[in-house]
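What follows is each chain in one-letter form.
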Amino acid sequence: MKLDTRAMRHLAPEDWRVLTAVEMGSKNHELVPTPLIEKLARLRGGASGVHRSISALAKVGLIAKVKEAKYDGYRLTYGGLDYLALHTHATRKDLYSVGTRIGVGKESDIMVVADDTGTQRVLKIHRLGRISFRTVKSNRDYLKNRASGSWMYLSRLAAMKEYAFMKALYAEGFPVPVPLAQSRHTIVMTLVDAFPLRQISTVPDPASLYADLIALILRLASHGLIHGDFNEFNILVKEEKTVLEDGVESIRLEPVVIDFPQMVSMEHQNAEMYFDRDVECIKRFFSRRFHFTSTTPGPFYKDIKKKLKKSQVTRLDATVEASGFTKKMLKDLEAAIKEQAEKRGSKGLSEEADDDENEGDEDEDDASSTGEDEEEEPVGGILGQHHMDAVGDVVQGH
Ligand code: ADP
Ligand code: MG
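These lines cover the structure that appears in this document, whether it is placed above or below. (Residues numbered from 1 in each chain as written. Chains lettered and ligands numbered in written order. Predicted model: local features only at pLDDT ≥ 70, side-chain atom pairs only at ≥ 80, totals over all residues. Heavy atoms only, no water.)

A few words now on the overall build of the protein chain. Regarding its fold elements, the protein chain presents 12 helices and 14 strands. Counting across all 398 residues of the protein chain, residues that qualify as buried make up 52%. Considering only contacts within the protein chain whose residues lie at least 6 apart along the sequence, 71% involve residues at least 24 apart. For the protein chain, the exposed surface amounts to about 19,400 Å²; the carbon and sulfur share of it is 52%. (Helix = DSSP H or I, 4+ residues; strand = E, 2+ residues; numbered from the N terminus. Buried < 20%, exposed > 50% of the residue type's maximum accessible area, 1.4 Å probe, protein only. Contact = heavy atoms within 4.5 Å. Areas by Shrake-Rupley, 256 points an atom, 1.4 Å probe, with all protein chains shown as cover.)

The next subject is the coordination of the magnesium ion (ligand 2). Those donors, Asn 234 (OD1) and Asp 259 (OD), are the protein atoms that reach the magnesium ion (ligand 2), and they lie 2.1 Å from it. Taken as a pair, Asn 234 in the loop between β10 (225-226) and β11 (235-243) and Asp 259 in the loop between β12 (249-257) and β13 (264-265) lie far apart in primary sequence, 25 residues in all. Each member of the pair Asn 234 and Asp 259 is classed as buried. (Donors = N, O, S within 2.8 Å, 3.2 Å for Na, K, Ca; no water.)

Let us now look at the packing of helix α7 (residues 206-222) against helix α8 (residues 271-290). It is the contact of α7 with α8, at a shortest axis distance of 11 Å, that shows an interaxial angle of 170°. By the angle between their axes, α7 is roughly antiparallel relative to α8. Of α8, the residues touching α7 (which contributes Pro 206, Leu 209, Tyr 210, Leu 213, Ile 214, Ile 217, Leu 218 and Ala 221) are Phe 275, Asp 278, Val 279, Ile 282, Lys 283, Phe 286 and Phe 290. Classifying every residue of the contact of α7 with α8 by side-chain character gives 13 nonpolar, no polar and two charged. (Axes fitted to C-alpha atoms, helices over the stretch in contact; angles between N-to-C directions. Parallel < 35°, antiparallel > 145°, perpendicular 65-115°, else oblique. Nonpolar A, V, L, I, M, F, W, Y, C, P; charged D, E, K, R; others polar.)

The subject of this paragraph is the site of ligand 1. Near ligand 1 lie 21 residues; those nearest to it are Ser 108, Lys 124, Val 192, Asn 234 and Asp 259. Backbone polar atom of Glu 107 to an oxygen atom of ligand 1: 3.5 Å apart, as the coordinates give it. Here Phe 233 contributes a backbone N or O atom positioned 2.9 Å from an oxygen atom of ligand 1. If you list the elements that add at least two residues to the shell around ligand 1, you get β5 (108-114), β6 (120-126) and β8 (186-190). (Near = heavy atom within 4 Å. Polar contact = N/O pair within 3.5 Å; in protein donor to acceptor, adjacent residues only side chain to side chain.)

So, on to helix α2 (residues 34-41). The complete set of buried residues in α2 reads Thr 34, Leu 36, Ile 37 and Ala 41. What you see down the axis of α2 is that its buried residues fit within an arc of 155°, all on one side. Structural note: α2 exposes Pro 35 and Lys 39 on the side pointing more than 90 degrees away from its buried face. Against α1 (13-26), β1 (32-33), α3 (47-59) and β3 (72-76) lie the buried residues of α2. One or two positions beyond α2, positive phi appears at Arg 42, with a value near 45°. (Arc of directions from axis to C-beta.)

Ordered by their spatial adjacency, six strands build an open sheet running β7-β8-β6-β5-β4-β14, and the pairing between neighbours is antiparallel. Since the sheet does not close on itself, it has two edges, and those belong to β7 (179-183) and β14 (389-390), each with one partner. Where helix α4 (residues 78-91) meets the sheet, it contacts β4 (97-104), β6, β7 and β8, and its direction lies at approximately 130° from that of β7. (Pairing = 2+ DSSP bridges.)

We now examine the sheet that holds β3. Across the sheet, three strands lie side by side as β1-β3-β2; this open sheet has antiparallel pairing. Because the sheet does not close on itself, it has two edges, and the strands there are β1 and β2 (63-67). Pairing analysis gives two bridges linking β1 to β3, with the strands arranged antiparallel. From the neighbouring strand, Pro 33 faces β3, where its bridge partner is Gly 73. Running at roughly 95° to β3, α1 makes contact with β1, β2 and β3 of the sheet.

Scope: geometric values only; no functional claims are made or implied.
As structure tokens, then:
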């Protein structure tokens, strides 16, 4: 599923109203009946205007017609949801133009976008349920399968959870991208001009980077959190250059952490497994890539947990829960992430993850650059020139 903004500028204000009506109708209907779309859209032109918009939207794949025994109706597609989110971001001036895709994550598309001043940002589009949705699509019986309706809900939950955690972490001073906006299944954040650790073949001082990463795991834990996918794809390494007094340049590597939909609390029933897995991931990567093995064993969940009881720092797991994320939502999302990981055959471990790059993506024609290739050398910065499609224009005047 690739974001294609080409049709966006051709949509009339009525089309947007009808698209919004289909989205509203989807809240209670797997399949939104045409009369309900008419009612929700409340177009001045009446039914004929609605029908014209419906065919325009169906033609470009933003809604899809579904025939069922009782009635025919329409459902919103991922493309339709993408357009609605982009429209909202553009209206709020969170973004103006959309550029190239820089990453196809496990359950997401990562696009470079820009605001109206040309400042580049990142749009992360969550695509949870993409795989099950596809198996469901080919299944004639899909109306009985709740999963067909839930891709929208689950992807939105993933974006909401990720945004809530990014905000909490950013406020605590953690090195994460700045969370700027969220709409539906998407997040806008700052673009980090750095490469994933995965793409870095040598570092001057592996011990110090390793220590920084373990310190980050411990700092998260001290706030009651476990990243849950702390691997070389989700750690971007920035080069901070400083020129010393004698003119000598010193380069410090600063890790920036991304990707938070799977974060768990230190109180989670499988917290120990998640914590130890995060630590193990870093240890294994450093040993394989940099031939570095720490002489200190651990850190171990049990020891950290004991300290946590006595500590006074803000519990971010509680903060996020207090921000409206219910236990049921966390559970639904966790189940979906787990299901998807099992479908990929991956245990959430990075080494496995790259074998499945193309799975779950229908039109993988330009899978650019998350650095799957072991030999790949970073060339230039990712902050290069990207071709941008202005989408901000479409909201002007309405
Ligand atoms: P997923 O959940 O699908 O793994 P991620 O959030 O990890 O998605 O993003 C996938 C890839 O996109 C990352 O490995 C990184 O290369 C790139 N990326 C994501 N967010 C940013 C950002 N804010 N700045 C720069 N690159 C990013
Ligand atoms: Mg990731």
